[in-house]
Structure formats: C-alpha cells, structure tokens
Amino acid sequence: MSTLLLQGIWDWIQVHNAWLQSPFFPVLFSLGTYLLFCLPYVVLDFLSPHVELISCYKIQQKHHVSWRVMWTCLVHSVYNHVVFIFPLTVIHWYWRQVSLPVEAPHVLKVAQDLVTCLLLFDFQYFVWHMLHHKVPWLYRTFHKVHHKYTSTFALSTEYSGMWETLSLGFFAAMNPQLLGCHPLTELLFFVLNIWLSVEDHCGYDFPWATHRLVPFGLYGGAPHHDLHHLLFKVNCAPYFTHWDRLFGTLHKE
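A short tour of the structure in this document, coming up. Quick caveat, the model's predicted, so the values are computed rather than measured.

Given 3.6 residues per turn, any residue in an α-helix points the same way as the ones three and four places further on. Within helix α11 (residues 221–231), 9 of the 11 residues are buried, which leaves the element mostly enclosed by the surrounding structure. Every buried residue of α11 is accounted for by Gly-221, Ala-222, Pro-223, His-224, His-225, Asp-226, Leu-227, His-228 and His-229. Its buried side turned inward, α11 meets α6 (107–134), α7 (136–143), α9 (183–201), α10 (210–213) and α12 (242–247). Immediately downstream of α11, the backbone of Phe-232 shows phi near 75°, a positive value.

Encoded structure:
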C-alpha cells in the first residue's frame, strides 16, 4: 500500500518533470517549504503573549518575538535565497543533468536512506558547528550572525550569513547524491530536513514534538537547540544527542 502511494506521487511528479528540472525549482521549493513550515509558528508567536494555552508551551516564556524582528529574519532569508542560493542552483542545474527513473523507491529503502542522510548531516553539522564555536575567528566571522537571538523562534532558523547558509545547504544537497538516493527520496529528505530545522528553532516544547516521540533521549529537539542559543557552547549537534554525549557538550537543563 505504501509503495503504491509512493508510486502514485512519483508518477504525478514525472508528469510535471519540466517544472521539476527547471533551474527555478530548487530555490522556490526550498524557500516555499521553509516559509510553509514557519507559518504555523508565526501565528503562535503572534498569539502567545495573549493566550496562556499557547504561552505555557514556550521554552523561554518571558521572551516574545516582535513583528519587526520576524520581518527582519524573513527579508534576510529571502535575500540569502535570491542572492546566494539561486545562482548556485542554476550552476548545479546546468552541470547535473538528471534522468528520472520510472519506478518509485520501495518504502523501506526510502526510510533507510532518510535516516542515513539525517545521521550523516547531523555528523557534518556537528563538526562544522563545533569548529565554529571552538575557533574564535570562525565564530566572529561566520557563525555569530546566527546567534543574534538567544531565544529561538521559527523565522530565526535561516537567519545566518552567506558561508553558513551555503555550507549547510551543500551538506544537505550532496548527501543524497553521495548515498545514491532515488530523486523522490532526495525531495523527501529536503522536506524532512527543513521541517526538523524549523522545529529545532520554533521555541516551543509541545507534547507531540519529535524529541518526545523518539525514545531514550536520542533526539534533542527544540529544548536542546534553544539551550544552545542561550548558552552558546553546548548542544552543538542539530538533531540527535549522541555526538554531544561523546564529546561532553550535552546539556539538558
């Protein structure tokens, strides 16, 4: 049943193959998915100062984000996509001619590849992140921009400089290719990675959050990453907690 569903989705995508292989698709897909995932949290940020049922789930309950700050972050994200990401996607589109397979991948293969891509990205980000906190010049020059806000909110997810935006985008784009993933799996990984990044920065600890669904404290989630923004030198891994445990940078409360 699941495989038939994936095949139906893949058949629909292939009907729109021309749009999928357009040089405009990657940047519009990335930005559109990001803003779609941010939107519910933007609404919550607007309501939380006035609705106790929402504000009780905020991680830093004394901090509320203003519309001006959210607008600044939104403009910054659009700027990064248009000025930095779009030219690179055009070059990549010209360099990489994709031939789409007829059949969709098996659902178990998709699940396996998604987990592998996430684990690989988690490792790459941890190393990159640790270096940019350990080396003062790297932090001041490249990563400090992202730490402007010590209380996280959804639209702060992509508030970063050119180097950070392109580095993390490169990891996310190259991992499915390195692992030989099906193009549908590649799309699903982009969606999943964007969602988890936004959730990491959302500033809320809901009962249905990913870190509450993954057992044994293996996944950090929003509280894990919010502490990183608050304390700077702890919780360097974006998603999972094993690298922080191994390197002694895990901080829970």
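Inspection of the secondary structure puts His-143 in helix α7. When residues no more than four places from it in sequence are discounted, the contact partners of His-143 are Trp-128, His-129, His-132, His-133, Leu-138, Glu-164 and His-228.

On the surface, a cluster of nonpolar side chains totalling about 480 Å² of accessible area is made up of Leu-39, Val-43, Phe-46, Leu-47 and Trp-67. If one sorts the elements of the nonpolar patch by residue count, helix α3 (residues 25–47) sits on top with 4 residues. Mapped onto the secondary structure, Phe-46 falls in helix α3.

With that out of the way, let us pick up the pattern of salt bridges. On inspection of all chains with the given rule, the structure shows 2 salt bridges. A salt bridge links Asp-113 to Lys-109; the nearest nitrogen and oxygen atoms lie 3.4 Å apart. In this pair, Asp-113 and Lys-109 both sit in helix α6, 4 residues apart, roughly one turn of the helix. On the basis of relative accessibility, which here comes to 5%, the residue Asp-113 falls in the buried class. Between Arg-212 and Asp-205 there is a salt bridge, and its shortest N-O distance comes to 3.0 Å.

Counting 25 residues, the largest nonpolar core has Phe-121, Phe-189 and Tyr-239 as its most contacted members. Broken down by secondary-structure element, the contributors of at least two residues to this core are α1 (2–15), α6, α8 (162–178) and α9. Element by element, the count of residues in this core is highest for α6, at 7 residues. If we ignore the near neighbours within four places in the chain, the residues touching Phe-121 are Leu-168, Phe-171, Ala-172, Asn-175, Phe-189, Asn-193, Pro-238 and Tyr-239. Core analysis: the next-biggest nonpolar cluster, separate from the first, contains 21 residues, Phe-37, Met-70, Tyr-149 and Leu-155 among them.

Parameters and conventions
- Residues numbered from 1 in each chain as written.
- Predicted model: local features only at pLDDT ≥ 70, side-chain atom pairs only at ≥ 80, totals over all residues.
- Heavy atoms only, no water.
- Buried < 20%, exposed > 50% of the residue type's maximum accessible area, 1.4 Å probe, protein only.
- Helix = DSSP H or I, 4+ residues; strand = E, 2+ residues; numbered from the N terminus.
- Contact = heavy atoms within 4.5 Å.
- Patch = residues over 30% accessible without salt bridge, like charges linked within 9 Å, V, L, I, M, F, W, Y side chains within 5 Å.
- Areas by Shrake-Rupley, 256 points an atom, 1.4 Å probe, with all protein chains shown as cover.
- Salt bridge = Lys/Arg side-chain N within 4 Å of Asp/Glu carboxyl O.
- Core = buried A, V, L, I, M, F, W, Y, C linked by side-chain atoms within 4.5 Å.

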